[in-house]
Amino acid sequence: MSKPNPFEISQKQLADCAKILCLDAGVHEFLKHPMREFHVSIPVRMDDGRMKVFQGFRVQYNDALGPCKGGIRFHPEETIDTVRALSAWMTWKTSLLGLPLGGGKGGVICNPKEMSAGELERLCRGYIDALWQNLGPEKDVPAPDVYTTPQMMAWMMDQFSKHTGNNSFGMITGKPLCVGGSCGRGDATARGGMYALREAAKEFNIDLSKATVAIQGYGNAGSYAHSLAKELFGCKVVAVSDSKGGVFNAAGIDADEAARVKAQTSSVANIPNCKKISNEELLELNVDILVAAALENVITKDNAGKVKAKVIVELANGPTTPEADAILFQNKVHVIPDFLANAGGVTVSYFEMVQNIMRYCWSFDEVYQKLDERMTMAYQGVLAASKKYNINMRQAAYTVAVARVVDAMKTRGWV
Ligand code: NAD
């Protein structure tokens, strides 16, 4: 079976939202396509002396609200339609969070696992050579994404600075701290999700200090969700998993021990004194909170009816299929949708841009406080729209985000 085309999915989601908002047909047509996209060929001298040419993309989906913002992915199976879809989702995410930014995304078809550090550095610098005139703090600000790292962001910033003749720290985010990175970027995605969870718990009278949590996926998002759920609220995390399987312990699983076992054995499935469970079983556990922090399409029409959690926090992008969404809504499972739940990352990226432009560094506490304000405001806005139209939280998030972009387009006189 062929994989669903992500751009078609994003267009379908937009069409549903256009109906709810009774969008003018011309406005909907404008929003269905990226405003600009760039396709570039990047020649790179490989370590063995060969010249290899890589295909790269940058899509600027919509910049009505401000400069585009979105990551750059290095992936062997990168496609222009994936980048288009992700740039659309970035447009809605920055809008939802009330950031003065549009949405963009970039990608290069390559396999970074098979490339040396030198080859990757030359590819990063080549990407900027090909695109620098279309990037910058007032135009389009990239960030790390799948298989791109803070070090790569530093190389790209340096190459851009060579072209402009300035120290252009604000042209890219997710940089190491010593070259203009922000405090708090590391755990920002999970932390933002936890602030949204706190708001949901208030709404549904869930005492988080007594709540049980299951976490699927134990990378950046999932592992920080574990430590923060305990640190911020005193939750008991009873199950964790990664690609090699999962474990359950009704007495709770310690975050430090999970991190140690993951580092030593490469999987949380080896945590001792726990019952081994599959990733499928984890989703159906009798817990209060389910954190989906691994992959897309894991909650489907086949298992959505078996989910017992009261709240799902979607730190992963796209973990719930549209059919599953309908079942969860009917069963009164409260889903905090991906582009709200995982928006902490782009929000702290925005803070990084602001600090670079101000030439000022905020403390961890300042970053956390500002992130909390943004996430709380966004969550409450989505909840209010969900109640107003009697629609699920994902549809509600779309209506809030798309309406803001449309308002800016109209105010600027574009449509
Ligand atoms: P990561 O690569 O650090 O971790 C992914 C984790 O998922 C790993 O523990 C891996 O073992 C696990 N995994 C892979 N296949 C699995 C499977 N079949 N079942 C269970 N677990 C599986 O990635 P991440 O940065 O933590 O991102 C996770 C998700 O969150 C992705 O969907 C990503 O797009 C989304 N996200 C992350 C950020 C961020 O700042 N890290 C921001 C926004 C969205």
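Structure: see above.
What comes next concerns the included structure. (Residues numbered from 1 in each chain as written. Predicted model: local features only at pLDDT ≥ 70, side-chain atom pairs only at ≥ 80, totals over all residues. Heavy atoms only, no water.)

Attention now moves to the site of the ligand. Lining the immediate environment of the ligand, one finds 18 residues, of which Thr 189, Tyr 218, Asn 220, Ala 221 and Asn 317 sit closest. Take Asn 279: an N or O atom from its side chain is 3.2 Å from a nitrogen atom of the ligand. Protein contacts shield 67% of the accessible area of the ligand, which totals 830 Å² for the unbound molecule. Counted by class, the shell around the ligand contains seven nonpolar, nine polar and two charged residues. (Near = heavy atom within 4 Å. Polar contact = N/O pair within 3.5 Å; in protein donor to acceptor, adjacent residues only side chain to side chain. Areas by Shrake-Rupley, 256 points an atom, 1.4 Å probe, with all protein chains shown as cover. Nonpolar A, V, L, I, M, F, W, Y, C, P; charged D, E, K, R; others polar.)

Applying the stated criterion across every chain, the model contains 27 salt bridges. Here Lys 387 ties to Glu 203 by a salt bridge, and the two come within 2.9 Å at their closest N and O atoms. Note that Lys 387 is positioned in helix α13 (residues 364–389) and Glu 203 in helix α6 (residues 188–203), a separation of 184 residues in sequence. Note on Lys 387: relative accessible area 52%, which makes it exposed. Owing to a relative accessible area of 32%, Glu 203 belongs among the partly exposed residues under this scheme. (Salt bridge = Lys/Arg side-chain N within 4 Å of Asp/Glu carboxyl O. Helix = DSSP H or I, 4+ residues; strand = E, 2+ residues; numbered from the N terminus. Buried < 20%, exposed > 50% of the residue type's maximum accessible area, 1.4 Å probe, protein only.)

A two-sided burial pattern is seen for strand β11 (residues 289–292), the buried positions comprising Ile 289 and Val 291 on one face and Leu 290 and Ala 292 on the other. Here strand β7 (residues 212–216) pairs with β11 via four bridges, running parallel. If you follow Ala 214 over to β11, its bridge partner there is Leu 290. Across four bridges, the pairing between β11 and strand β12 (residues 311–314) is parallel. Across the sheet, Leu 290 pairs through a bridge with Ile 312, a residue of β12. (Pairing = 2+ DSSP bridges.)

Any functional reading would require information that these geometric values do not contain.
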